Amino acid sequence: MSAPSLRRRTGEVVANRPVGAYRQLSVVVPTLPGRARPGQFLLAASASPDEVLARTWWLSGEQTEPGFGSTLEVVVADDVLLPGPGEQLALTGPVGRGFGVPTSPVPAVVLTQGAAAGAARWLAERLQAAGCPVHLVSAASDPEEHLDLVRVRRVADGVLLTDREGLAASTRSLAQSVQPAVLYAVGPLWLSAQVAALAGELGVVSQVMTLELGAPGICGHGLCGACDLPLAADRAGSRVRPCLEGPVLRADLVAWEAC
Amino acid sequence: MSAVLPRVTAATGCAGSGRELARFGELSALDAVQLGPVGLSDPAAPRTRLIPSSSGLVHSPAPILPVQQVITDLLPWCAARGLRVICAVRAGTVGVLADILQQLRRALDFTAVIGIEIDLAAVRQQTRPAIGTLPTSDSVSSWSADPQACLKLVAEARELLPRDLLLLAKLGGECPDPVATARAAVGGGARALVLSGAVPALGPGSYLVGPAVAPVTLGLVRAIREAMAAGRIPQVPLVAVGGVHDAASALAARRAGARSVQVGSGLLGDPELLWRLQQTLSTVTTDSADPDPAGTHDPGGLDAH
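Quick caveat: nothing in here was measured; it's all calculated off a predicted structure. (Residues numbered from 1 in each chain as written. Chains lettered and ligands numbered in written order. Predicted model: local features only at pLDDT ≥ 70, side-chain atom pairs only at ≥ 80, totals over all residues. Heavy atoms only, no water.)

1. Quick look at the overall build of chain B
Phase 1: Scanning chain B for helices and strands turns up 8 helices and 15 strands.
Phase 2: A buried classification covers 56% of the 305 residues belonging to chain B.
Phase 3: Within chain B, counting contacts between residues at least 6 apart in sequence, those at least 24 apart form 72% of the total. (Helix = DSSP H or I, 4+ residues; strand = E, 2+ residues; numbered from the N terminus. Buried < 20%, exposed > 50% of the residue type's maximum accessible area, 1.4 Å probe, protein only. Contact = heavy atoms within 4.5 Å.)

2. Quick notes on the interface of chain B and chain A
Accessible area lost upon the coming together of the parts serves often as the stated size of an interface.
Phase 1: Chain B puts 31 residues into the contact, and the matching count from chain A is 29 residues.
Phase 2: With both sides pooled, the region where chain B packs onto chain A buries about 2,700 Å², and carbon together with sulfur makes up 55% of that total.
Phase 3: Taken as a group, Arg23, Arg47 and Leu268 of chain B account for 27% of the area that chain B buries against chain A, more than any other trio of residues on that side.
Phase 4: There are 2 salt bridges connecting chain B and chain A.
Phase 5: As a salt-bridge pair, Glu20 of chain B and Arg241 of chain A come within 3.6 Å of each other at their nearest N and O atoms. (Buried area = accessible area lost by both parts, 1.4 Å probe. Salt bridge = Lys/Arg side-chain N within 4 Å of Asp/Glu carboxyl O.)

3. Section: the packing of helix H3 (residues 167-178) of chain A against helix H4 (residues 189-202) of chain A
Residues and elements named next belong to chain A.
Phase 1: One can describe the packing of H3 onto H4 by two numbers: an axis separation of 11 Å at closest approach and a directional angle of 35°. Helix-helix and strand crossings are classified by hand; for H3 and H4 the assignment is right-handed. Across from Leu167, Ala168, Thr171, Arg172 and Ala175 in H3, the residues of H4 making contact are Trp190, Leu191, Gln194, Leu198, Glu201 and Leu202. (Axes fitted to C-alpha atoms, helices over the stretch in contact; angles between N-to-C directions. Left-handed = near helix turned anticlockwise from the far one by under 90°.)

4. As for the sheet that holds strand E10 (residues 182-186) of chain A
All names here are of chain A.
Phase 1: The sheet built from 6 strands is open, its strands ordered E9-E8-E7-E10-E11-E14 with mixed pairing. On the outer flanks of this sheet lie strand E9 (158-162) and strand E14 (248-250), each paired with one strand and no other. Each neighbouring strand pair of the sheet contributes to a mean axis angle of 20°, computed without reference to strand direction.
Phase 2: Across 5 bridges, strand E8 (residues 134-139) lies against E9 in parallel orientation. When the bridges of E9 are listed, His135 appears paired with Gly158.
Phase 3: Together, strand E7 (108-113), E8 and E10 form the strand contacts of helix H1 (residues 117-129), whose direction differs from that of E7 by roughly 165°. (Pairing = 2+ DSSP bridges.)

5. Structural notes on the packing of helix H5 (residues 214-229) of chain B against helix H6 (residues 247-256) of chain B
Residues and elements named next belong to chain B.
Phase 1: Close contact between H5 and H6 brings their axes to 9 Å; oriented N to C, the two are set at 20°. Here H5 is positioned roughly parallel relative to H6, judged by the angle of their axes. The element H5 and its partner H6 pack so that their crossing is right-handed. Only Ala252, Ala253 and Ala256 of H6 make contact with H5, whose side of the interface consists of Leu218, Val221, Arg222 and Arg225. (Parallel < 35°, antiparallel > 145°, perpendicular 65-115°, else oblique.)

6. Comments concerning helix H3 (residues 147-160) of chain B
Note on helix geometry: an α-helix contains 3.6 residues per turn, so any two residues three or four positions apart are oriented the same way.
All names here are of chain B.
Phase 1: Helix length check: H3, at 14 residues, gives a terminal C-alpha distance of 20 Å against a target of 20 Å (1.5 Å per residue), a fit within 8%.
Phase 2: Buried residues along H3 sit in contact with helix H2 (94-106), strand E7 (113-119), strand E8 (123-127), strand E10 (166-171) and helix H4 (178-188).
Phase 3: By the N-cap criterion, in which a side-chain oxygen at the helix start approaches the backbone nitrogen of a residue two or three places on, H3 is capped by Asp146, the distance to Gln148 being 3.1 Å. (Expected span 1.5 Å × (residues − 1). Polar contact = N/O pair within 3.5 Å; in protein donor to acceptor, adjacent residues only side chain to side chain.)

7. Examining the confidence of the model for chain A
Phase 1: For chain A, the mean per-residue pLDDT works out to 87, and 99% of the residues sit at or above 70.
Phase 2: Element-level mean pLDDT values for chain A span from 83 in helix H2 (residues 149-155) of chain A up to 93 in E10 of chain A. (pLDDT = per-residue confidence, 0-100.)

8. Topic: the pairing of strand E15 (residues 260-263) of chain B
Residues and elements named next belong to chain B.
Phase 1: The alternating pattern of E15 places Ser260 and Gln262 on one face and Val261 and Val263 on the opposite face, and all of these are buried.
Phase 2: Pairing between strand E1 (residues 8-10) and E15: 3 bridges, direction parallel. Bridged to Ala10 within E15 is Val263.
Phase 3: The pairing of strand E14 (residues 238-241) with E15 spans 3 bridges and is classified as parallel. Bridge pairing in E15 links Val239 to Ser260.
Phase 4: This β-α-β element, E14 to H6 to E15, shows right-handed connectivity. (Right-handed = clockwise from strand over helix to strand, strands pointing away.)

9. Examining unusual backbone geometry
Phase 1: In the segment running from Gly246 of chain A into Pro247 of chain A, the intervening peptide bond is cis, with an omega of 5°.
Phase 2: As for its position among the elements, Pro247 of chain A is in the loop between helix H5 (242-245) and E14.
Phase 3: Notably, Ser55 of chain B is not glycine yet its phi reads approximately 55°, a positive angle.
Phase 4: If you trace the backbone, Ser55 of chain B turns up in the loop between strand E3 (50-53) and strand E4 (56-59).
Phase 5: The phi torsion at Leu202 of chain B lies on the positive side, around 60°, for a residue other than glycine.
Phase 6: Inspection of the secondary structure puts Leu202 of chain B in the loop between strand E12 (199-200) and strand E13 (207-209).
Phase 7: With relative accessibility at 71%, the residue Leu202 of chain B sits in the exposed group.

Rendered as structure tokens:
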């Protein structure tokens, strides 16, 4: 733990293309020491000296080729300050603890919203590779915000499109037919809180994101304490720091009503 | 134990509990690790918020590190790695400060502590005897608004701590009369002043920090330096905090008369800055204008009695 493990490194952007309402960046960095996991994130140096904080992005794919380096993919909200192909980008990461994949093949439901859908798609691919039947639930108010459905449909057994209001009801009816053993929430905090409630209701395990990446006011380095969440039940009174100990946590550990 | 001021540390509340920072570099390469704000735990404390603004950041008070956690967990962790620690203490009353310092002093690993920083920008609670169910304390204003209260607070800390332990007092942009407050703090026994350029913003307890406030910090450092040159404040080393975000701004603070710097929001954007600044400041020779480079001078013979 005390050996420095996170260093800022310079990568080269090789692609910057539109995906629905978002943009997908591919960045080549020197070979990573280990494999990255869905649920981890990247810290990108701020684009202009006007910005104090680094940008936090969900990692939505990683591919390492010996002798070439690692290609990291991120899906981010559209922004004029994103670097174009050929430009350099200083990155720290992958940071944090990613989603765990079940050791035996059990049905899983992945719920997602917004730019985090890139990470959800990657998680679905990992689950499918582990033999788990996967269903994906995507919540969005605008059709453009459902990310790249063609690629998701290739890996998922079912894709359910809904909006924020209909999320709980459609997940409940899906759970009746699928009987999932685990729920994954890949998205903002409100989604994690809803999934925590649903998992408690259905009596299943859940893993959720506890960090609102991409939102303003997140340092991502674990230094500021703005992302701290209160812990539930017998750990009540103490707090967890998602950018250090997360961002993926079991949903029943967090006291969502106190957030 | 030497009382030499570290060249660069993190600002209070911007270094987490030390472990977060250890992911980005070797802590033992630093002059000191800042732990803080150390206080009594308050479960009802509002959540810390960061609001980015152009060239700056508005923050509400950083989460408190409960003194029990510091004693049982963080100090042993630092001591086992041979790190030098500065504890930044935040208290609302003199009694609370005394309580925290006594607990810290009794800690087995207090030998790792090379300095205590008292936060004079913290909100002061006015206490009165309990009458029935009436509350016994009110928030009045910050300590630094009342030089006499600062004198009492710092003197209490000085009395409770070993004589050779470095005592720093932090005062900032909320201060109506920085010279009077600085004089009171040094009179109370502070051996270094931390001058913060953080500007009150958006609401009570919130401050604007970041590159935008660098000129405020420089102005404060110059004003205190001039007051020292005029003999209105005893000569003590100064630490600049606020707006230090790269080597150039750290050197500007040195030229203005600060012996060392603290980095706050600069770390939130890039924690490796701390090691780069350590490198830069250790290669720069000590400013010849600084009358007491070793930090061993006894201001006005205050320790003589």
